[in-house]
Amino acid sequence: MTDAELYTLIQGDTQAAAAYAEGNDEGCAVRCSAIAPPIRQPVAAERVQAAAIASGLWAIVKIAAQNVGLPNPPRGAAMSFVDWIEAGRPIDMDGGTVQGVGAVLLSYNLATQEQLDALQVLADSPQTITHQQIGSAREWHRLNGGLSNGVT
């Protein structure tokens, strides 16, 4: 998160702005960590598989991938899903191909939206904002706009 983005985040939240105005950078950092949007990151294949197993999706997709009588689609999408997980590499849940496979699995009733959403949330990593970052955002604001709301 850039200093400008952090400053905007602070100003958009009453509690963060109050802590910032008081000069309580530690309290502001704690609040900003709670409200900052997550960072999207590739997900370990093992985590995706564990979530798919827990929701019942893994068994359905694995059976579909192995069913030579199933037309393509959806068999190809099921095979891709299984192949990605079994390859063991991190999976970019925001990638176009991954999104496309999810859409196919959903449209052929091999997955529910809830199951796909549970996989998507795995890519969310919380941001931790430090008091040093708050100080840096304070300095950025001082250099780039100053006292627009009476706070530096």
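Predicted, not measured: the structure shown is a model, and the values here were computed from it.

Rules and cut-offs
- Residues numbered from 1 in each chain as written.
- Predicted model: local features only at pLDDT ≥ 70, side-chain atom pairs only at ≥ 80, totals over all residues.
- Heavy atoms only, no water.
- pLDDT = per-residue confidence, 0-100.
- Contact = heavy atoms within 4.5 Å.
- Helix = DSSP H or I, 4+ residues; strand = E, 2+ residues; numbered from the N terminus.
- Expected span 1.5 Å × (residues − 1).
- Buried < 20%, exposed > 50% of the residue type's maximum accessible area, 1.4 Å probe, protein only.
- Arc of directions from axis to C-beta.
- Disulfide = S-S within 2.5 Å.
- Core = buried A, V, L, I, M, F, W, Y, C linked by side-chain atoms within 4.5 Å.

Colleague: Which residues make up the confidence of the model for the chain, and what are the values?
Modeller: Looking at the chain as a whole, the pLDDT averages 94, with 95% of positions reaching at least 70. Confidence over residues 148-152 falls short of pLDDT 50; this stretch has 13 contacts with residues more than four positions distant or in other chains.

Colleague: Explain helix H7 (residues 96-107) to me, using residue names and the numbers behind them.
Modeller: For H7, spanning 12 residues, the distance from its first C-alpha to its last is 16 Å, which sits close to the expected 16 Å at 1.5 Å a residue. Restricting attention to buried positions, one finds in H7 the residues Val98, Val101, Gly102 and Leu105. Along H7, the residues classed as buried sweep out an arc of 100° about the axis, all on the same side. Elements that come into contact with the buried residues of H7 comprise helix H5 (57-66), helix H6 (75-87) and helix H8 (113-120). Of the residues flanking the end of H7, it is Asn109, one or two places downstream, whose phi is positive at about 60°.

Colleague: Tell me about the environment of Ala50, and name the residues and values.
Modeller: Looking at where Ala50 falls in the secondary structure, it is placed in helix H4 (residues 45-55). In this structure Ala50 comes out as partly exposed when scored by relative accessible area, which is 44%.

Colleague: Describe the state of the cysteines, naming the residues involved and giving the relevant values.
Modeller: According to the stated counting rule, one finds 0 disulfides in the structure shown. There is no disulfide at Cys32, and the cysteine sulfur nearest it, in Cys28, is 4.0 Å away.

Colleague: Describe the nonpolar core, listing the residues and the values that go with them.
Modeller: Val48, Phe81, Met93, Leu105 and Leu119 are the most contacted members of the largest nonpolar core, which has 26 residues in total. Going through the elements one at a time, H4, H5, H6, H7 and H8 are the ones with two or more residues in this core. Beyond its immediate chain neighbours, meaning those up to four positions away, Met93 contacts Arg40, Val43, Val48, Val98, Gln99, Leu119, Gln120 and Ala123. Counting 14 residues, the second-largest nonpolar core is a separate cluster that includes Leu6, Leu9, Ala16 and Ala137.

Colleague: Summarise the environment of Ile63; cite the residues concerned and give the values.
Modeller: Looking at the element boundaries, Ile63 is found in helix H5. Separated by 12 residues in sequence, Ile63 and Arg75 have C-alpha atoms that sit 9.5 Å apart.

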